[in-house]
Amino acid sequence: MVTHIVMWKLKEENKAENAREMKKRLDAINDLIPGLKRLEVSTNILVSDPETDIALFSQFETLEDLKTYAEHPRHLEVVAFIKSVAAERRVVDYEL
């Protein structure tokens, strides 16, 4: 099982609205991409250092499934929006 975690700090302009829109767009691809087993998105960050506004937790059976997700057109549409509103991004992928 491969776990993919991404955390973003958003730009200050329209931060709350952009966080809601990011969550909506990420949640919408949950059942659309082959190989994506689990996807959770939260804007309810309790503690984070450095500061995080939105976090994504996702799981895949294989690294190939993660690659399929990363290259999927629907995911790339969401990525384009995220790049326009994110100030910082942190990622960790690990395999169990």
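Data block above holds the structure.
The shown structure was predicted, so the numbers you read here are calculated from the model rather than taken from an experiment.

**What about the layout of surface pockets?**
Approximately 290 Å³ is the volume attributed to the largest pocket. Around the largest pocket, the lining comprises 15 residues; the ones closest to its centre are Val6, Trp8, His75, Val79 and Arg89. Counting residues per element, the ones that place at least two in the lining of the largest pocket are strand S1 (2–10), helix H2 (63–71), helix H3 (73–85) and strand S4 (86–95). Here the residues of the lining of the largest pocket are counted per class, giving 11 nonpolar, two polar and two charged.

**Concerning H3**
Between the first and last C-alpha of H3 there are 19 Å, a value that for 13 residues agrees with the 18 Å anticipated at 1.5 Å per step. Within H3, burial applies to His75, Val78, Phe81, Ile82 and Val85. End-on view of H3: buried residues confined to an arc of 120°, all on one side of the axis. Turned more than 90 degrees away from the buried face of H3, the exposed residues are Pro73 and Lys83. Buried residues along H3 sit against S1, helix H1 (15–28), H2 and S4.

**Quick notes on a nonpolar patch on the surface**
A cluster of nonpolar side chains, contributed by Met1, Val92, Tyr94 and Leu96, occupies part of the molecular surface with about 390 Å² of accessible area. Mapped onto the secondary structure, Val92 falls in strand S4.

**Concerning the side chain of His75**
In this structure, His75 sits in helix H3. Not counting the four nearest positions on each side in its chain, His75 is found in contact with Ile29, Ile33, Tyr69 and Ala70.

**Section: the side chain of Thr3**
Assignment of secondary structure puts Thr3 in strand S1. Looking at Thr3, its side chain comes within polar contact range of the side chain of Gln59, at 3.2 Å. Apart from residues lying up to four places away in sequence, Thr3 is in contact with Phe57, Ser58, Gln59, Val92, Asp93 and Tyr94.

The rules we used
Residues numbered from 1 in each chain as written. Predicted model: local features only at pLDDT ≥ 70, side-chain atom pairs only at ≥ 80, totals over all residues. Heavy atoms only, no water. 1 Å grid on protein atoms, 1.4 Å probe; cavity = no way out; pocket = protein on both sides within 12 Å on 5 of 7 lines; lining within 4 Å. Points joined across faces, edges and corners; volume = space filled by probe spheres on them. Helix = DSSP H or I, 4+ residues; strand = E, 2+ residues; numbered from the N terminus. Nonpolar A, V, L, I, M, F, W, Y, C, P; charged D, E, K, R; others polar. Expected span 1.5 Å × (residues − 1). Buried < 20%, exposed > 50% of the residue type's maximum accessible area, 1.4 Å probe, protein only. Arc of directions from axis to C-beta. Contact = heavy atoms within 4.5 Å. Patch = residues over 30% accessible without salt bridge, like charges linked within 9 Å, V, L, I, M, F, W, Y side chains within 5 Å. Areas by Shrake-Rupley, 256 points an atom, 1.4 Å probe, with all protein chains shown as cover. Salt bridge = Lys/Arg side-chain N within 4 Å of Asp/Glu carboxyl O. Polar contact = N/O pair within 3.5 Å; in protein donor to acceptor, adjacent residues only side chain to side chain.

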